[in-house]
Amino acid sequence: MDKLVLQGGLRLRGEIPISGAKNAALPILCASLLAADALEVDNVPALHDVATMQRLLAQMGVKVARDGGGLRLEASQVDRLEAPYDLVKTMRASILVLGPMVARFGTARVSLPGGCAIGARPVDQHIKGLQALGADIRIEHGYIVATARRLKGTRIVTDLVTVTGTENLMMAATLAEGETVIENAAREPEVVDLANCLNAMGARVNGAGTDRIVVRGVERLHGARFRVMADRVETGTFLTAVAAAGGDVVLTHAQPDTLEAVIDKLGESGARVEVHTDRIRIVARRRPRAVNLRTAPYPAFPTDMQAQFMALNAIAEGTGVVTETIFENRFMHAQELMRLGARIEIEGNTAVVKGVRNLTGATVMATDLRASASLVVAGLVADGETVIDRIYHLDRGYEALEAKLSAVGARIERRR
Ligand code: UD1
């Protein structure tokens, strides 16, 4: 199994290009199921999760071809309306095929995702919303089995803010008869990106980016060409890495307007962050100060950046209190950070991180995607060698991570 080996203590200097957003690309690839014509998607990151989604769509009969940094997906002959357990269990985002399949083909069989490392993560809101749209849904042998004639527009109020839930329902509603209103919708930028792609395909979606999305159903969608937004979590991860390790780095092809909460916190930690249209420069010269943060749905501080900030707090001056409100059990990285010398106390969904001057390199294990990213941030500052095991988690969400960090002066390599 691949490992990452880092030598800590070097400042970072130079430029890093940001890739397309994983969490925008995945639903957008699923949107191809809504039309018979080809959807051409640019700026698709080369990631394990994207490859898994390509495989799932190809199994269903979608013709998928890579061209350069893009993908062409043609769902003119979809013949297997199913997402099997072996794919869904490796990637929960597979649930995103459910809405489009029921809407266009009137039938779908999607495996229930089951538990995952960062909590129970049920999909009840996806199911409840599709039922409100008129789908008949049964759970059979671990599968969600959905059937419908044409879906009918309605008003849906989700019990909680769910990103992929909002995306699934928004996609389903594009082909429903009449108007659908989704209340308590997720406002994440990836929801807006998907809405823009759907509208490019002929859908009539309004209000994405607010908590009330209105979709006027149309008979059919057509093909389109669409460019995926920049990855705000990748951007935030590199910003945090520089804030922790020190240095002067410019991130290019970024979308700074999607990162306000993160940039605010970096400023609080003492880094200087300059924002331009599609570039962000971060200059960090001194030891960071600890920051308190609380994760919540967008535009508040993202749960996907919590682990990286815990690593930053671990070496900061002072004590930072980190509260996780989105996922239970999303502190597994704390144990591994403590193996590097961090002082962290956890009580329920709160972690109190007392900054120490130095972390010391050790062998640590990645437990999920963002936990792995926090270990990379820690490894960049720890004295000596840090070995991160099980980095397949990182390959799910970070494109060319070691190449990008090496290019700004980090000593990081992959060993097989
Ligand atoms: C998405 C992101 C993930 C991010 C998360 C929160 C993608 C592919 N993944 O995941 O990176 O960490 O948003 O920003 O975009 N919930 C229910 N019932 C449901 C759906 C969700 O109880 O039907 C709960 C979840 O267990 C969780 C909370 O709602 O506690 C938010 O989850 P959700 O926004 O749905 O996360 P994902 O869309 O899976």
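That block above? That's the structure.
Since this is a predicted model, take the numbers as computed values, not measurements. (Residues numbered from 1 in each chain as written. Predicted model: local features only at pLDDT ≥ 70, side-chain atom pairs only at ≥ 80, totals over all residues. Heavy atoms only, no water.)

A. Quick peek at a positive patch on the surface. Judged by side-chain charge, R11, R13, R285, R286 and R289 come together as a positively charged surface patch. With relative accessibility at 44%, the residue R289 sits in the partly exposed group. (Patch = residues over 30% accessible without salt bridge, like charges linked within 9 Å, V, L, I, M, F, W, Y side chains within 5 Å. Areas by Shrake-Rupley, 256 points an atom, 1.4 Å probe, with all protein chains shown as cover. Salt bridge = Lys/Arg side-chain N within 4 Å of Asp/Glu carboxyl O. Lys, Arg positive; Asp, Glu negative; His and termini not counted. Charge placed at Lys NZ, Arg CZ, Asp CG, Glu CD. Buried < 20%, exposed > 50% of the residue type's maximum accessible area, 1.4 Å probe, protein only.)

B. Fine view of helix 12 (residues 369-381). Of all 13 residues in helix 12, 13 are buried, a share of seventy percent or more. Measuring from the backbone nitrogen of R370 back to the side-chain oxygen at the start of helix 12 gives 3.0 Å, which picks out D368 as the cap. (Helix = DSSP H or I, 4+ residues; strand = E, 2+ residues; numbered from the N terminus. Polar contact = N/O pair within 3.5 Å; in protein donor to acceptor, adjacent residues only side chain to side chain.)

C. Here's a closer look at the side chain of K22. On the secondary structure map, K22 appears in helix 1 (residues 22-31). Separated by 2.9 Å, the side chains of K22 and N23 make a polar contact. When residues no more than four places from it in sequence are discounted, the contact partners of K22 are P45, L47, D49, D231, L369, R370, R396 and G397. (Contact = heavy atoms within 4.5 Å.)

D. Local environment of the nonpolar core. In this structure, V97 and M170 are the most contacted members of the largest nonpolar core, which totals 76 residues. Tallying contributions element by element places helix 1 first for this core, with 7 residues. Beyond its immediate chain neighbours, meaning those up to four positions away, M170 contacts I182, V191, L194, A195, L198, V205, I213 and V215. By size, the runner-up hydrophobic cluster in this structure holds 68 residues, among which are A243, V249, L259 and F309. (Core = buried A, V, L, I, M, F, W, Y, C linked by side-chain atoms within 4.5 Å.)

E. Representation of the packing of aromatic side chains within the structure. Going through the model one piece at a time under the given rule, you end up with 1 aromatic pair. Summarising the aromatic geometry, the rings of F301 and F309 are spaced 5.0 Å apart at their centres and angled 80° between planes, so their arrangement reads as edge-to-face. Relative accessible area serves as the criterion here: at 5%, F301 is assigned to the buried category. Across from the ring centre of Y143, 4.0 Å away, lies the NZ or CZ of R109, which sits over that ring. (Phe/Tyr/Trp six-rings, centres within 6.5 Å; stacked < 30°, edge-to-face > 60°. Lys NZ or Arg CZ within 6 Å of the ring centre and 35° of its normal.)

F. Structural view of the pairing of strand 1 (residues 3-7). Of the pairings in the sheet, the one linking strand 1 to strand 24 (residues 411-415) comprises 5 bridges and is antiparallel in character. Within strand 24, the position partnered with V5 by the bridge is E413. Relative to strand 23 (residues 385-389), strand 1 runs antiparallel, the two being bridged by 4 bridges. Opposite V5, over in strand 23, you have V387 as the bridge partner. (Pairing = 2+ DSSP bridges.)

Fair warning: the whole summary comes from geometry, so function is off the table for now.
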